[in-house]
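Below, each chain spelled out in residue letters.
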Amino acid sequence: MSTSRHAGPPRRQRGVSLIEQIMVLAIIAVLLGIATPPLRQLLGRNALRVAQTDFIAALHYARETAVMSGQRTLFCPTVDGSRCSEGTQWESGWLLARDGDGDDQPDGRPLHVGNGYGDKLIVRSSSGRQLVRFRPDGTAGGSNITLLFCQPSSAKDALTVVVSNAGRVRGAPANAAQIASCAQLN
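Residues numbered from 1 in each chain as written. Predicted model: local features only at pLDDT ≥ 70, side-chain atom pairs only at ≥ 80, totals over all residues. Heavy atoms only, no water.

A. Molecular detail of the state of the cysteines. Tallied over the full model, the rule gives two disulfides. Disulfide partner of C76: C84, at an S-S distance of 1.9 Å. Sign of the S-S torsion, about -70° for the bond between C76 and C84, identifies this disulfide as left-handed. The exposure classification of C76 matches that of C84, with both residues buried. (Disulfide = S-S within 2.5 Å. Buried < 20%, exposed > 50% of the residue type's maximum accessible area, 1.4 Å probe, protein only.)

Pasting the structure below:
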């Protein structure tokens, strides 16, 4: 008596057909198309918050440096990483330095240089004040300065950093007028 290993009906091959694979790819493409814009907005808002936090930390450090060293400390925009620039544009970078002679330029090498944001963010200071000067007592004489952080593609999520005359640093969402200003910068 001979026995056969393949008793019964032949087995069907299992696998995924080309049509099924195309359908899965089409569903993935639709889901990516739906998810991409909100993800881009989320990443843009995150970049604004990170920049705002970086500036707040650097301003706190500049104030602390002025108090601890007993020397005037600058926080200003820079293009080359070694000297303060004259404008209100901060997206190319910023620097923190001592300014013992009061010429609003670093005495020697800067203590810290912040990277710029290129075309990812727009950062502007109030037109009346382009830099922050912390005195040895921690104050920042002059008028208040407001730094406005905007996305090139969307003004509605704008953020600010405000430095008061007393040297207090705070971050906040932009108000309606600041949002309108961001919209004009775009």
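B. Seen up close, the environment of R133. Along the chain, the position of R133 falls in strand β5 (residues 132-134). Residue class for R133 comes out partly exposed when judged on its relative accessible area of 26%. Side-chain polar atoms of R133 contact the side chain of D104, separated by 2.7 Å. (Helix = DSSP H or I, 4+ residues; strand = E, 2+ residues; numbered from the N terminus. Polar contact = N/O pair within 3.5 Å; in protein donor to acceptor, adjacent residues only side chain to side chain.)

C. Seen up close, the sheet that holds β5. Read from one edge to the other, the open sheet built from four strands follows the order β3-β2-β1-β5, with strand pairing classed as antiparallel. Unpaired on one side and paired on the other, β3 (112-115) and β5 mark the two borders of the sheet. Neighbouring strand axes in the sheet, compared pairwise and without regard to direction, differ in orientation by 10° on average. Bridge count for strand β1 (residues 73-77) against strand β2 (residues 93-98) is five bridges, and the pairing is antiparallel. Counted as the bridge partner of P77 is W94 from β2. Its contacts with the sheet put helix α1 (residues 18-69) on β1, β2 and β5, and the angle it makes with β2 is roughly 10°. (Pairing = 2+ DSSP bridges. Axes fitted to C-alpha atoms, helices over the stretch in contact; angles between N-to-C directions. Contact = heavy atoms within 4.5 Å.)

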